[in-house]
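Observations on the model geometry
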Amino acid sequence: MINGSLKNLSQMLAKKEISSVEMTQTFLDRINKYNPTINAYVALDANKTLAQAKAADVRIANGTAEPLTGIPFAQKDIFCAKGWQTTCGSKMLANFVAPYDAHVITQFDNAGAVNLGKTNMDEFAMGSSNETSYFGGVKNPWDFDRVPGGSSGGSAAAVAARLCAAATGTDTGGSIRQPASLCGFTGLKPTYGLVSRYGMIAFASSLDQAGPMAKSAEDCALMMNVMTGFDERDSTSLNRPKEDYTRGLGNMQGTQPLKGLRIGLPKEYFADGLDANVAKVVQEAIAEYRKLGAVTVDISLPNSQLSIPVYYVLAPAEASSNLSRYDGVRYGHRAAEYDDLMDMYMKSRAEGFGAEVKRRILIGTYVLSAGYYDAYYLKAQQIRRLIADDFTQAFKQCDVIMGPTAPSTAFKAGEKADDPVAMYLQDVYTIATNLAGLPGMSIPAGFSNGLPVGLQLMGNYFDEARMLDVAHAYQQVTDWHTLIPNLDKPNLVLPEGKV
Amino acid sequence: MEWEVVIGLETHTQLRTKSKQFSGASITYGAQPNTQADEVSVALPGVLPVLNKQAVECAIKFGLAINADIPARSVFSRKNYFYPDLPKGYQISQFELPVVGKGAVTIQVPAVGKNAAYEKVINITRAHLEEDAGKSVHGAVEGMSGIDLNRAGTPLLEIVTEPDMRSAAEAVAYAKKLHELVQWIDICDGNMQEGSFRCDVNVSVRPKGQEKFGTRREIKNLNSFKFMTQAIEYETRWQIETLEDGGTIQQATVLFNPDTGETKAMRSKEEANDYRYFPDPDLLPLEVTAADKARVQATMQKSQNEEYLRYVNDLNMFPDDARAITSSRQIYNYFESVLAELRKIAVPTATQTQDNANAKSVANWVINTLGSYLNKTNLDISESPVRPEQLAKMLSKIFDNTISNNAAKQVFEAMWMGEGEADAIIEAKGLKQESDSGAIEAILDEVLKANPAMVEEFKAGKEKAFNALVGQAMKASKGKANPAQVNDLLKKKLAF
Amino acid sequence: MALNITDIKRIAHLARLEINEQEASQTLTKLTGILGLIEQMQAVDTAGITPMSHSQDVVQRLREDVVTATNQREAFQANAPILGNGSAEKAVDSGLYLVPKVIE
């Protein structure tokens, strides 16, 4: 059951083979067993969770169930959920109980989904290894010595370890896709503006976007149907007609379902810095796509190597301002002892934020400060346009762009924790789509030394349905996405015949 | 050395909306602390701003009213600083691209001493939309301040002038003009006590003739015209004395203390500010199209100046009266209501000339008579116990010669005291004037017979004697005779 | 644009983050590394390029001026921090959030 697709789970519930309460309890039992080790969840509340499951069972019984009704999901702890501890992985918010629901939470609630709990994450989503969380690191289910990636590391581990049916994540520079790659599952960052940011704790407002983290493209499509949609409370939410993201999946049958699809391969994504084994896996996946009828086109995204410098100006700048509200006045951490107002601010913030968050606040404050704005912030915004224009040019030659999601497989905990620059390079292939606001996806494409490798798909604006079709077609003919780690022997995970 | 003061103003006008600039919280004044602070006002994690349509329309109205450039796109920026009444740690404002660009306001500077009154054009640099901060309340708990965020997020339009003013009188004339204007176009209630209209005044001095501006100090948050005059005069004197004593002026933010009449630098603003402005990523560019402007323009009534010119040119009103009537939307509305009521009552044969003459008289009654009653009782015209329709009825009785102007004053007094309508009061007090020419002639004959000496004087060429005779006749009629008729008939009788 | 320890202290103060000498010098090393990465941007000629603030070329949507919020003071103040300085009470009094005396 724990490996069932969302569609399977939904059918099981509809046929009354299992109740939502039973299904939810099964996941809660697994969580109780494995979470103390993996640390994927930071907040659990079985009473609340089971009350939702009971309500879902009523909906199923009275015939008002929707596709996700009764299915247990994990929610990244970046989403405010009324009555739930909502910490964003920070000491600053360790005692914060959200008094309102994020739009995404409301959407899942309305769909009748069950909230299993809040998942661990890098503090304020700043990190690529989940090691910046105030609540401790998360184990990669494939190898407990390794990181799950970040910032959505808890959701990633929960999906990979089957501690939920699926999970939500957010992606500012790769925080859905890089952990999906490192933990071996399917994750999608939608076009900026498709999923409301209301109630999603802000990191870098112009880049943040929520998306699904799930076992397959099909599951992602079902979740997209729930997560997307116009929300008048978010000025950047796009008012577009509702889409059914599963609509094309059924067409991905036959020998060459992708006949005519043009796949762009940016030369910059296969250059120095990419692990050779990862490159090999990615090339094999692309070869599989050719078999499915696709043709490959060599393209160039000449400014893509600038995406890291641009990102590390813009994201910290926005973050430095977004995180100013954590001042110990109305909620959040306040220092126990302070002399005056200034001292209260200085101490509360110094104590409430971790080292990486403080670093980014300082960079952001610096690049926005008097005399530096033009050289850093303005310049970065100009190059941001060049990076976006590269994609506009590229999509004249191809329908979807493919490449690696991350430059390497999961690295060991502690390996990069003290080297921010090395850590930042984890997102070298994912950041450009955030800057451009384009959708990006990572799907399991194989293994390197027993660790999952992700293939990244990048699409044009609002082309999620096609990307999901393309991913689904691959998942019809491969089984990488169905492989699961052995949690009882996590360091001996080379799946048979799949090394 | 002769010094020149240079003054520029930044005025925060609270816009007439129901809800906040970026959320659906109420902005009603005087609510219990933090009961109008929704999740956006409190800046809970994850909340986002959405701009108030009404506030944007107010800004467009203002731009149209001062003939300003209203750009197709403007941008919201974040002004970053820490303060307990600023819950997000930044204020959403407009920095590089404001909603209203350059415009101008013409001010009337009143005569002072031997200096005659004059007009001056004050250039407006810009006006931008922003949100207000909350309030710090002191003294509730020893050593602590209490933060009330009810006001946080209230829509403001900040109106910034060029440093065009050269005296406290000019600055106050501008502030008053702006105060009139924002109420005239109905974008602000103008309530200075509640902080709906607050001025920051930048003051610097320089030797007369020098082109370069001196270093300015900014007097914050002046909420009365009287304080503004006092503060500018004190600040100017202080700066001149400092310079003459060989000192220098440091750029500073100062507060005016009404008790001492002095300005003093704020301690909290000592630190050099680095606001780190950048475009707010949570908000998109604000677009104002030609169609938007036309739509707003269509909702706007005639400007103060248009109405002023119509009163002076078409209705032959005295310029001072016309200015006074158009100084406030409320006075204007009252005056126009009286005119409208009068037109309903008026005899159909009334000529345009009579109508105009009436308007002139109505203005006099509204500005001088009603005005002095309001002043004495400290009432607003909207609170006047004499309603426009009551005044109109009374005035119609003057115009149709039922009562004299003097009698009307008694009628007005009675109406003010709540003694009823004009008709009833005239009846009760017997104020109807004598317009029967036979009766008046009879009175005149008595007067002429009783005052032969005056008649002789008149015949000898003394004009004064004529007025004395009129006076005697009015007295004999107990003030009820129609003075115009007395004049006419007396002339005839003396012309034999 | 090389950073020095004074810059670190200045921006830490602007950002209201208390920082001691040791942290300041460690931060200087790390931030210098990050700024080295960022410095790559300076090689690009960006003359005449319109800065990009948003990925979609859309304009601000306006909210009708209606009051939709209700009083949620109690719910919000349930999250108020502990006053500190010896008090275990929440930092609220009579509906107000309490902070050390604000000096104007």
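As the structure is a computational prediction, the values presented were derived from the model and not from experiment. Residue positions are given per chain, counted from 1 along the sequence in the order it is written. Each chain is given a letter, starting from A, and each ligand a number, starting from 1, according to the order in which they appear as written. Only residues with pLDDT of at least 70 are given local features in this predicted model, and only at 80 or more are side-chain atom pairs given and counted; all residues enter the totals for whole chains, interfaces and linings. For the side-chain quantities, the full set of heavy atoms in the structure was used; hydrogens and water were omitted.

Secondary structure elements are taken from DSSP: a helix is a run of H or I of four residues or more, a strand is a run of E of two residues or more, and numbering for both begins at the N terminus. Along chain B, the regular secondary structure elements total 16 helices and 16 strands. Taken over the C-alpha atoms alone, chain B extends approximately 95 × 55 × 50 Å along its principal axes. Each residue is assigned to one of three classes by its accessible area relative to the maximum for its type, calculated with a 1.4 Å probe on protein chains only: buried under 20%, partly exposed between the two thresholds, exposed over 50%. The proportion of buried residues among the 496 residues of chain B is 53%. A separation of at least 24 residues holds for 70% of the contacts in chain B among residues at least 6 apart in sequence. Every accessible area reported is derived by Shrake-Rupley at a probe size of 1.4 Å, with residue values counting cover from the shown protein chains alone. Carbon and sulfur atoms provide 49% of the accessible area of chain B, an area that totals close to 22,800 Å². The positive count covers Lys and Arg only, the negative count covers Asp and Glu only, and His and the chain ends enter neither. Charge placement uses NZ in Lys and CZ in Arg. For Asp and Glu, CG and CD serve respectively. Of note, chain B has its 57 positive side-chain charges centred 3 Å away from the centre of its 66 negative side-chain charges. Residue contacts follow a heavy-atom distance rule, with two residues in contact if any of their heavy atoms lie within 4.5 Å.

Counting its secondary structure elements, chain A contains 15 helices and 11 strands. As a reference, a globule follows 2.2 Å times the number of residues to the power 0.38, and the radius of gyration itself is taken over C-alpha atoms. For a compact globule of 499 residues, the expected C-alpha radius of gyration is about 23 Å, and chain A comes in at 21 Å, within 12% of that figure. In chain A, the share of contacts with a sequence separation of at least 24, taken over all contacts with a separation of at least 6, comes to 76%. Carbon and sulfur atoms make up 49% of the accessible area of chain A, which totals about 14,600 Å². For chain A, the distance from the average site of its 46 positive side-chain charges to the average site of its 51 negative ones is 2 Å.

A few words on the domain arrangement of chain B. According to the domain assignment, chain B consists of domain 1 (3-291), domain 2 (301-429) and domain 3 (437-494). Domain boundaries shown here were taken from an automatic or database domain assignment. Summarising the inter-unit geometry, the C-alpha centres of domain 2 of chain B and domain 3 of chain B are found 31 Å apart.

Opposite the 32 residues of chain B that make contact, chain A presents 39 residues. The largest contributions to the chain B side of the interface with chain A come from P45, L48 and F82 of chain B, which together make up 22% of the buried area. Definition used for salt bridges: Asp or Glu carboxyl oxygen within 4 Å of a side-chain nitrogen of Lys or Arg. Taken together, chain B and chain A are joined by 1 salt bridge. Between R197 of chain A and D282 of chain B there is a salt bridge, with its nearest N and O atoms 3.1 Å apart. Whenever two N or O atoms come within 3.5 Å, that pair is a polar contact, provided that in protein one can donate a hydrogen and the other can accept it, and provided that, for residues adjacent in sequence, both atoms are side-chain atoms. For the pair chain B and chain A, the number of links is 18 residue pairs in polar contact (both at pLDDT 80 or more). Of all the elements in the fold, those that place two or more residues in the side of chain B that touches chain A are α1 (39-42), β4 (77-80) and β15 (278-279) of chain B. Once two parts are put together, the accessible area they lose, assessed with a 1.4 Å probe and summed over both, is termed the buried area.

Glancing now at the interface of chain A and chain C. Between chain A and chain C, the residue contacts involve 73 residues of the former and 54 residues of the latter. Carbon and sulfur atoms supply 64% of the area buried between chain A and chain C, which totals about 5,500 Å² over both sides. Of all residues in chain A, M346, L362 and Y366 of chain A give up the largest surface area on contact with chain C, accounting jointly for 12% of the area buried on that side. Our enumeration of links across chain A and chain C arrives at 2 salt bridges. A salt bridge links E18 of chain C to K347 of chain A, with the shortest nitrogen-to-oxygen separation between them at 3.7 Å. Inspection of the chain A/chain C interface yields 23 residue pairs in polar contact (both at pLDDT 80 or more). Listing elements by their share of the side of chain A that touches chain C, those giving two or more residues are α9 (307-322), α10 (341-352), α11 (355-368), α12 (374-394), α13 (420-424) and α14 (431-436) of chain A. Among the elements that take part in the side of chain A that touches chain C, α12 of chain A stands out by supplying 12 residues, more than any other. Classifying every residue of the side of chain A that touches chain C by side-chain character gives 43 nonpolar, 14 polar and 16 charged. The classification used treats Ala, Val, Leu, Ile, Met, Phe, Trp, Tyr, Cys and Pro as nonpolar, Asp, Glu, Lys and Arg as charged, and all other residues, Gly among them, as polar.

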